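What follows is the residue order along each chain.
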Amino acid sequence: MNISIDLSKLSSWQKELLIWGIGFFIVSILILLRFNRLPPQVPLVFFQKIADEKIIKITDLIILPLLSFLIVNINNLIAKKMNDVFFENLIFWFDICFIISCQYLLLRIILLVS
């Protein structure tokens, strides 16, 4: 059985969703493996002055992946309406950077508090 994906046949939106799905899968596995070691509340940011104000419940960490999913879909709707190749490429790379930064932030929070 040969399971392969030809990335050249995927649209930019499908590539972004594929990257988002892979990142979400990795973060989900990490959360499941470390869930027993996570405290009930975690800081969303790690700056000394504002960390006390940004304490969230551990279940609220789902906001980051959902936010990145929402931004990717909104940006793709905008790119389709614009019909400009440059703008579409710009949005594609912005979305990739945004997805990676959200996943990195979530991974960093989980690894630092567990």
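All figures in this text were calculated on a predicted structure; none of them were measured in a lab.

**Q** Mind laying out unusual backbone geometry, listing which residues take part and the relevant values?
**A** Despite not being glycine, N83 has its phi angle at roughly 60°, a positive value. Note on placement: N83 falls in the loop between helix 2 (63–82) and helix 3 (85–113).

**Q** Lay out the side chain of E16 with the relevant residues and their values.
**A** Structurally, the position occupied by E16 is in helix 1 (residues 12–34). Notably, E16 is buried but unbridged: the nearest opposite-charge side chain belongs to K15, and the N-O separation is 9.4 Å. Leaving out residues up to four positions away in the same chain, E16 has contacts with V72, N76, I91, F92, D95, I96 and I99.

**Q** If you had to explain a nonpolar patch on the surface to someone new, which residues and values would you point to?
**A** A grouping of I62, I63, L66, L67, L70, I74, I78 and M82 is seen on the molecular surface, where their side chains present a nonpolar patch of about 700 Å² in accessible area. With relative accessibility at 39%, the residue I62 sits in the partly exposed group.

Cut-offs applied
- Residues numbered from 1 in each chain as written.
- Predicted model: local features only at pLDDT ≥ 70, side-chain atom pairs only at ≥ 80, totals over all residues.
- Heavy atoms only, no water.
- Helix = DSSP H or I, 4+ residues; strand = E, 2+ residues; numbered from the N terminus.
- Buried < 20%, exposed > 50% of the residue type's maximum accessible area, 1.4 Å probe, protein only.
- Lys, Arg positive; Asp, Glu negative; His and termini not counted.
- Salt bridge = Lys/Arg side-chain N within 4 Å of Asp/Glu carboxyl O.
- Contact = heavy atoms within 4.5 Å.
- Patch = residues over 30% accessible without salt bridge, like charges linked within 9 Å, V, L, I, M, F, W, Y side chains within 5 Å.
- Areas by Shrake-Rupley, 256 points an atom, 1.4 Å probe, with all protein chains shown as cover.

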